Amino acid sequence: MRRRRFLIGASLSFAAGPAWGQAEKPARFSVAGALAQGSLALGSAPRGSLVALDGRPLRVTADGRFAFGFGPDQTKPSLVTVRYPEGGGDSRAFTPAVRHYEIQRINGLPQKTVTPPPEVLARIAHEAETIYLARFTDSGGADFLSGFDWPAPGLESGVFGSQRIDNGVPVSPHYGVDMAAPTGTPIRAPADGVVAICDDYYLDGGFTLIDHGQGVSTSYLHQSKRLVKAGEAVGRGQRIGLIGATGRATGPHLHWAMNWFQLRLDPSLSTRKPKPDPL
Ligand SMILES: [Zn+2]
């Protein structure tokens, strides 16, 4: 009989349980992370393994590391299947812990950013498409393996997943973490990566997207100044921009987002250390 373990609750590391019908033999792969809705999961399998997520192949590093995300509202398990290089394999289901998201009302946003005028709709659509396409990138790098630092100090003025009501109008949930700090506060790369986009966008303001490999990316919105260029490799801790209030913002803050391909993730669930004190 094939047994699966359904995991509920936040655990920092999970060594998978019994294999195909072999009750006592532990699986030889593990998945680590918050294991909650909207979190990045990091897997480790023997060198040379093949890995699939829900039946679709995943990119795996030469030493058996892989990543995937749990959707912000995902309630079904994700099935990870690993085939070992010498034959045989294991399959395990991981169900993310359920989170409860807040409702947040934001007033005082520039009205032209809540209901943009018709003449900018094409520009907004083009910018959204550019970001969408960049997030398809499946590069071979694995810079995400180092974990992530908080990219800026500041008061956490917005949390991931909250239902936003902007100037009284319900908008899509807030898929990022807001760090409020004065304009000009440096933003630092939380991990190594390659800059995929660095541009001025209508809603996002000064916008930078960094590719950390295998579909894992982070982005930085509302910057007053951008200090890197598309195509540039950035190192962990490098200044990539300055906090600002450009685009759809009421005041200076960094909106920090993380994705696994198109899936929206909460970067605060992947940070290595507690968040820095507000300025
Ligand atoms: Zn935000």
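Just so it is clear, the model here is predicted, and its values are computed rather than measured.

Caption draft 1: Spotlight on the sheet that holds strand S13 (residues 163-166). Read across the sheet, three strands follow the order S11-S13-S14 without closing on themselves; strand pairing throughout is mixed. Only two strands of the sheet have a single neighbouring strand rather than two, namely strand S11 (103-106) and strand S14 (169-170). Two strands pair when backbone bridges link them, and S13 and S14 are joined in this way by two bridges, in the antiparallel orientation. Opposite Asp 166, over in S14, you have Val 169 as the bridge partner.

Caption draft 2: Region of interest: the sheet that holds strand S10 (residues 89-94). Strand order in the open sheet formed by four strands is S7-S6-S9-S10, with antiparallel pairing between adjacent strands. The open sheet has two edge strands, strand S7 (56-58) and S10, and neither has a second partner. Averaged over all adjacent pairs, the angle separating strand axes in this sheet is 25°, with direction ignored. Of the pairings in the sheet, the one linking strand S6 (residues 50-53) to strand S9 (residues 78-83) comprises four bridges and is antiparallel in character. Bridge assignment links Val 51 to a residue of S9, and that residue is Val 82.

Caption draft 3: Region of the structure containing the coordination of the zinc ion. His 174 (NE2), Asp 178 (OD), Asp 178 (OD) and His 255 (ND1) make up the full set of protein donors to the zinc ion, lying at 2.0 to 2.8 Å. The motif formed by the donor residues of the zinc ion, counted along the single chain, is H-x3-D-x76-H. Taken as a pair, His 174 in the loop between S14 and strand S15 (177-180) and His 255 in strand S23 (residues 253-260) lie far apart in primary sequence, 81 residues in all. In this structure His 174 comes out as buried when scored by relative accessible area, which is 6%.

Caption draft 4: Spotlight on the confidence of the model for the protein chain. Of all residues in the protein chain, 91% have pLDDT values of 70 or greater, and the mean over the chain is 90. Across residues 1-19 the pLDDT falls below 50, and counting only partners more than four positions away or on other chains, this stretch makes 52 contacts in the model.

Caption draft 5: Seen up close, helix H2 (residues 121-134). Taking 1.5 Å of rise per residue, the 14 residues of H2 would be expected to cover 20 Å, and the 20 Å separating its terminal C-alpha atoms lies within 8% of that figure. Along its buried surface, H2 packs onto strand S17 (193-201) and strand S18 (205-211).

Caption draft 6: Structural detail: empty space enclosed by the protein. Summed over the entire model, instances satisfying the criterion amount to one cavity of 30 Å³ or more. Here the largest cavity is characterised by a volume of approximately 40 Å³. Every residue lining the largest cavity is listed: Ala 134, Arg 135, Thr 137, Leu 209, Asp 211, Gly 215, Val 216 and Ser 217. Every element with two or more residues in the lining of the largest cavity is listed here: S18 and strand S19 (216-223). Looking at the lining of the largest cavity, its residues break down into three nonpolar, three polar and two charged.

Caption draft 7: Region of the structure containing the pattern of salt bridges. Summed over all chains, the structure comprises nine salt bridges. Between Arg 59 and Asp 138 there is a salt bridge, with the nearest N and O atoms lying 2.9 Å from each other. Residue Arg 59 is found in the loop between S7 and strand S8 (65-69), and its partner Asp 138 is found in the loop between H2 and strand S12 (155-158); the two are separated by 79 residues along the sequence. You can call Arg 59 partly exposed: its relative accessible area is 37%. Across the pair Asp 200 and Arg 226 runs a salt bridge whose closest N-O atoms are separated by 3.1 Å. Here the residue Asp 200 occupies a position in strand S17, and Arg 226 occupies one in strand S20 (residues 225-226), the gap between them amounting to 26 residues. Under the relative-accessibility criterion, Arg 226 is labelled partly exposed at 27%. Within the structure, one salt-bridge network assembled from shared partners comprises Asp 149, Arg 236 and Arg 272.

Conventions we followed
Sequence positions are assigned chain by chain, starting from 1 and proceeding in written order. Thresholds applied to this predicted model are a pLDDT of at least 70 for local features of residues and 80 or more for the giving and counting of side-chain atom pairs; totals over whole chains, interfaces and linings are not thresholded and use all residues. Side-chain figures throughout are based on the complete set of non-hydrogen atoms in the structure, without hydrogens or water. One bridge is not enough; two strands pair if DSSP finds at least two bridges between them. Each helix corresponds to a stretch of at least 4 residues labelled H or I by DSSP, and each strand to a stretch of at least 2 residues labelled E; elements are numbered beginning at the N terminus. Where helices are involved, their axes are fitted lines through C-alpha atoms of the stretch in contact, as for all axes, and angles between N-to-C directions lie from 0 to 180°. For Na, K and Ca the donor cut-off is 3.2 Å, while for other metals it is 2.8 Å, and in both cases only N, O and S atoms qualify; water is not among them, so sites may look incomplete. Only protein chains enter the accessibility calculation, which uses a 1.4 Å probe; a residue whose area is less than 20% of its type maximum is buried, one above 50% is exposed, and one in between is partly exposed. pLDDT expresses how confident the predictor is about each individual residue, on a scale running from 0 to 100. Residue contacts are counted whenever heavy atoms from the two residues lie within 4.5 Å of one another. Working rule for helices: expected span equals 1.5 Å times residues minus one. The distinction between a cavity and a pocket rests on a 1 Å grid over the protein atoms alone: a 1.4 Å probe fits inside a cavity but cannot get out, while a pocket stays open yet meets protein on both sides within 12 Å along at least five of seven lines, and a residue with an atom within 4 Å of a point counts as lining. Grid points are joined across faces, edges and corners, and a volume is the space filled by probe spheres set on the points. In this classification, Asp, Glu, Lys and Arg are treated as charged, Ala, Val, Leu, Ile, Met, Phe, Trp, Tyr, Cys and Pro as nonpolar, and every other residue, Gly included, as polar. Throughout this description, the term salt bridge denotes a Lys or Arg side-chain nitrogen within 4 Å of a carboxyl oxygen of Asp or Glu.

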